[in-house]
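# A closer look at the structure
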Amino acid sequence: MSGREKILNRAVKEIKDGMCVNLGIGMPTLIADRIPEEFDVMLQSENGLLGIGSYPKESEVDADLINAGKETVTAKRNASYFDSAESFSMIRGGHIDLAILGGMEVSETGDLANWMIPGKMVKGMGGAMDLVQGAKRIVVIMDHRNKYGESKVKKSCELPLTGEGVVHVLITDMAVFEFTEKGMELVELQEGVTLEELKEATAASFIVRESVK
Amino acid sequence: MSKIITSLDEVLEQVQDGASIAVGGFGLCGIPEKLIIALQEKGTKELTVYSNNCGVDDWGLGLLLQNKQIKKMVASYVGENKTFEKQFLSGELEVELVPQGTLAERLRAGGAGIPGFYTATGVGTEVAKGKEHKEFDGKTYILERGIVADFAFVKAWKADPFGNLVFRKTARNFNPTVATAGKITIVEVEELVGAGELDPDEIHTPGVYVQHVYEGKTYEKRIERLTTRKEA
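As the structure is a computational prediction, the values presented were derived from the model and not from experiment. Once a new chain begins, its residue numbering starts again from 1 and follows that chain's sequence as written. Chain A is the first chain written and ligand 1 is the first ligand written, with later ones labelled in order. The predicted origin of the model limits local features to residues at a pLDDT of at least 70 and limits the giving and counting of side-chain atom pairs to 80 or more, whereas totals for whole chains, interfaces and linings rest on all residues. Note: side-chain values were computed over all heavy atoms of the structure, leaving out hydrogens and water.

Our next topic: the nonpolar core. Membership of the largest hydrophobic core comes to 35 residues, with the highest contact counts inside it found for V106(A), L112(A), L170(A), F177(A), L186(A) and L198(A). A run of H or I in DSSP becomes a helix once it reaches four residues, and a run of E becomes a strand once it reaches two; helices and strands are each numbered from the N terminus. Elements with a minimum of two residues in this core: helix 2 (84–92), strand 5 (98–102), helix 3 (128–134), strand 8 (138–141), strand 11 (175–180), strand 12 (183–189) and helix 4 (195–201) of chain A. In this description, contact between two residues means that some pair of their heavy atoms is separated by no more than 4.5 Å. If we skip the residues at most four places from it in the chain, L198(A) touches H144(A), M174(A), A175(A), F177(A), L186(A), L189(A), V193(A) and F206(A). Grouped together as the second largest cluster of nonpolar side chains are 33 residues, L61(B), L64(B), V78(B) and F84(B) included. Take the buried Ala, Val, Leu, Ile, Met, Phe, Trp, Tyr and Cys residues and link them wherever side-chain atoms come within 4.5 Å; each set so joined is a nonpolar core. Exposed residues in this analysis have more than 50% of their type's maximum accessible area, buried residues have under 20%, and partly exposed residues fall in between, with area computed by a 1.4 Å probe over protein chains only.

Attention now moves to the sheet that holds strand 8 (residues 139–145) of chain B. All names here are of chain B. When DSSP finds at least two bridges between two strands, those strands are taken to pair. Pairing in this open sheet of three strands is antiparallel, and the strands run 6-8-7 from one edge to the other. If you trace the sheet from one side to the other, it starts and ends with strand 6 (116–119) and strand 7 (133–136), each paired once. Neighbour-to-neighbour, the strand axes of the sheet open up by a mean angle of 40°, direction not taken into account. Where helices are involved, their axes are fitted lines through C-alpha atoms of the stretch in contact, as for all axes, and angles between N-to-C directions lie from 0 to 180°. Seen against the sheet, helix 5 (residues 100–111) touches strand 6 and strand 8 and runs at an angle of roughly 150° to strand 6.

Residue and element names in this part refer to chain B. Within the secondary structure layout, Q14 lies in the loop between helix 1 (8–12) and strand 2 (20–23). By relative accessible area, which is 34% here, Q14 ends up partly exposed. Taking the C-alpha atoms as reference points, Q14 and G124, separated by 110 residues in sequence, lie 41 Å from one another. For Q14, the contacting residues outside a window of four places in its chain are F151, I184 and H212. Counted as a polar contact is a pair of N or O atoms within 3.5 Å, where, for protein atoms, one must be capable of donating a hydrogen and the other of accepting one, and residues adjacent in sequence contribute only when both atoms are in side chains. Among the polar contacts listed, one links the side chain of Q14 to the backbone oxygen of V11, at a separation of 3.0 Å.

All names here are of chain A. As for its placement among the helices and strands, N114 is situated in the loop between strand 7 (112–113) and helix 3. Side-chain polar atoms of N114 contact the backbone oxygen of G102, separated by 2.9 Å. Side-chain polar atoms of N114 contact the side chain of T162, separated by 2.6 Å. Not counting residues up to four positions away in its chain, the partners in contact with N114 are L101, G102, G103, M104, A128 and T162.

Residue and element names in this part refer to chain A. Relative to the helices and strands, D111 is located in the loop between strand 6 (105–107) and strand 7. Sequence spacing of D111 and E58 is 53 residues, and the spatial spacing of their C-alpha atoms is 41 Å. Side-chain polar atoms of D111 contact the backbone nitrogen of G165, separated by 2.7 Å.

The next point concerns the environment of G94(A). All names here are of chain A. Along the chain, G94 turns up in the loop between helix 2 and strand 5. Sequence spacing of G94 and Q133 is 39 residues, and the spatial spacing of their C-alpha atoms is 8.7 Å. Beyond its immediate stretch of four places on either side in the chain, G94 contacts G134 and K136.

Residue and element names in this part refer to chain B. Within this analysis, patches are made of residues with over 30% relative accessible area and no salt bridge. Like charges are joined at 9 Å or less; nonpolar side chains (Val, Leu, Ile, Met, Phe, Trp, Tyr) at 5 Å or less. The method behind every accessible area is Shrake-Rupley, applied with a 1.4 Å probe, and residues are considered shielded solely by the protein chains displayed. Should a side-chain nitrogen of Lys or Arg be within 4 Å of a carboxyl oxygen of Asp or Glu, the pair is scored as a salt bridge. Taken together, the side chains of F162, V208 and Y209 present a nonpolar region at the surface, about 300 Å² in accessible area. By the secondary structure assignment, F162 is in the loop between strand 9 (149–159) and strand 10 (165–166). Relative accessible area serves as the criterion here: at 48%, F162 is assigned to the partly exposed category.

Now for the confidence of the model for chain B. Residue-level pLDDT values for chain B average 96, and 99% of them are 70 or greater. Two summary scores accompany this predicted model of the complex, namely pTM at 0.97 and ipTM at 0.96. Every residue gets a pLDDT, meaning the predictor's confidence in that residue, from 0 to 100.

Here the focus is the state of the cysteines. Here, a disulfide means two cysteine sulfur atoms that sit within 2.5 Å of each other. Applying the stated criterion across every chain, the model contains zero disulfides over all chains. Between C54(B), a cysteine without a disulfide, and C29(B), which holds the nearest cysteine sulfur, the sulfur-to-sulfur distance is 17 Å.

Attention shifts here to a negative patch on the surface. In this tally, Lys and Arg are treated as positive and Asp and Glu as negative; His is ignored, and so are the chain termini. Think of each charge as sitting on NZ of Lys, CZ of Arg, CG of Asp or CD of Glu. On the surface, D17(A), E37(A), E38(A) and D40(A) cluster together to form a negatively charged patch. Along the chain, D17(A) turns up in the loop between helix 1 (3–11) and strand 1 (20–23).

What follows deals with helix 2 of chain A. Among all positions in helix 2 of chain A, only S84(A), A85(A), S87(A), F88(A), M90(A) and I91(A) are buried. Its buried side turned inward, helix 2 of chain A meets strand 2 (42–45) and helix 3 of chain A together with helix 5 and helix 6 (175–180) of chain B. Measuring from the side-chain oxygen of the N-cap residue of helix 2 of chain A to the backbone nitrogen of A85(A) gives 2.9 Å; that N-cap residue is D83(A). G94(A) lies just past helix 2 of chain A and shows a positive phi near 80°.

With that settled, the discussion passes to the packing of aromatic side chains. All names here are of chain B. Two rings from Phe, Tyr or Trp (for Trp, the six-membered ring) form a pair when their centres sit within 6.5 Å of each other. Planes less than 30 degrees apart are called stacked, planes more than 60 degrees apart edge-to-face, and all others tilted. Scanning all chains against the criterion turns up four aromatic pairs over all chains. Taken together, a centroid distance of 6.4 Å and an interplanar angle of 25° make the contact between F84 and F88 stacked. Note that F84 and F88 are positioned in helix 4 (residues 82–89) at a spacing of four residues, about one turn of the helix. Classification of F84 as buried rests on a relative accessible area of 1%. Judged by relative accessible area, which is 28%, F88 ranks as partly exposed. When the centroid spacing of 5.6 Å and the interplanar angle of 75° are considered together, the rings of F136 and Y141 count as edge-to-face.

Here it is, written out as structure tokens:
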């Protein structure tokens, strides 16, 4: 199984029946297809749709119906449309149960950086800063290391932050961490990864849950 | 006095160099395409534009960029536009990046007569720099200002002669919020219906916010990312 598969398979387990969930653009969007069919889950799109359906058939394509990644989509049963201010009232007001976002760096105190690399073209934060402050639970998914083999799980983030102390769960291709008052805690190792390998690959300090030892 | 206009040129005469304009749309979805093209043709310069995005190189607000009509852009995400990148890096274009929810709420607040509000969005980030911080119930918030623009450019699906508006699907996005935040709000619609034809219960934006309504013909409605599944 590829690292990405491991991340996605683990991330979908964060979604429970009955939840309203926002999936970030990019890798998180791929989680949608893995949600069990029997689950009644409403996916929120911050441009004004609660209840994202599947991609449309060619004959169903509607330019007035897109997701936050600007892809054409459909609306599922029980869906609703609303304006942008309402959309972020929903997010900021704590009515979205879960947001799953991509990350560039996560620190051991649960800081997230995922919107900007200084020196490169700035694209903007979109709705990410609102989501990390507003959604009830924030799950970040990302590769554990960058393409140079350096840890993206840091003591403190070097890139500009999206939010401070906002991450609840971090899922990488090597492990799953939870952030609690005790600090950053390793709760699962991905298949085939040893604790020694993980420590070697991680710049952040973390405690290890009893069940993992 | 009728709000219905049959040409955009006359009403755009009011838009002078240096004006601020709040523009509806998300990506290319629900953008006021006729108003943007008419303003491009008019050539008004030194504009401050409030909009979630800035179009693509050859469509939407990208047309005004190409024509170097925008001095300052206030947006949440501008990643789809090479002209933008060039003008930003050369220093020609001033940019204020605002979190999407904060931008929506700033426009809502401005339109609702609220000069500022506190939000947790952006606390601990670059967005919070220089802003008043205040604690409520043990949590830190920053002060953000409401936005009132000289003009609002809105795209709706249907309007009646009073300017009551109905939007369609996710083309609604920033449009109703922007409509409240303009000193003069100009709306273009796909279909102008007669007085009394809209059920008061179905109206998304009451006509009180709207000064001018224009019926556009043949909307292009470009799609940024066509994604489909196989026909069963």
